[in-house]
Amino acid sequence: MSTESRTVEPMVLSEATLARFAREVAKYPADQRQSAVMACLAIVQQEQGWVSPAAERAVADYLGMAPIAVHEVTTFYNMYNQQPVGRFKLNVCTNLPCQLRDGAKALQYLADKLGIRPGETTADGTFTLQPCECLGACADAPVMLVNDRHMCSFMTTERLDQLVDGLRATAAEGQA
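Residues numbered from 1 in each chain as written. Predicted model: local features only at pLDDT ≥ 70, side-chain atom pairs only at ≥ 80, totals over all residues. Heavy atoms only, no water.

As recorded by an unreviewed UniProt entry, the protein chain carries the name NADH dehydrogenase and is attributed to Tepidimonas fonticaldi. Quoted straight from UniProt, the Sequence similarities (unreviewed entry) entry for the protein chain says "Belongs to the complex I 24 kDa subunit family." As stated in UniProt under Catalytic activity (unreviewed entry), the record for the protein chain gives "a quinone + NADH + 5 H(+)(in) = a quinol + NAD(+) + 4 H(+)(out)". (UniProt positions renumbered as here; feature names shortened; annotations may be inferred.)

Draft legend 1. Structural context of the sheet that holds strand β1 (residues 88–93). One open sheet holds the 4 strands; their spatial order is β2-β1-β3-β4, and the pairing between them is mixed. Edge positions in the sheet fall to β2 (127–132) and β4 (150–152), since each has one partner strand and no second. Each neighbouring strand pair of the sheet contributes to a mean axis angle of 20 degrees, computed without reference to strand direction. Sheet topology places strand β3 (residues 144–146) next to β4; 3 bridges connect them, and they run antiparallel. Paired with Met 144 across the bridge in β4 is Cys 152. (Pairing = 2+ DSSP bridges. Helix = DSSP H or I, 4+ residues; strand = E, 2+ residues; numbered from the N terminus. Axes fitted to C-alpha atoms, helices over the stretch in contact; angles between N-to-C directions.)

This is the structure:
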């Protein structure tokens, strides 16, 4: 990997985005505007589907932060997509409690079913499959999160089939 520093130009933020940023920043004391970094990154992701290096730079400029500080937040939390993802992002917990209750098998089963490896997106852009850290539902293992919002518990192969089939049907309805 190159150690060269690359220059990334910030993206141009829309007036609507800037207004949303301002609402988040207003929740904090004036000298602590950097506290809104996670909310601003979430806004960018909602609007673009992912957080690009240019978006990180725009957030940094808006909040008066060093770009590396924003990048550290983006890369620390798995809820921020650092590259474009499919319509449905499937995060499968692979921490030890889930591993002991077939979390790794669930991840591999989905990879085989979707014809991709973890970290990849299906050719049609419908699914992105990712391993993830603890989702805080160890007693319900194996667990997964769909689109960072919908928790799925006790994911047997039958339930994984139902989930994928249901999401495929949803995607097909959206294209009809």
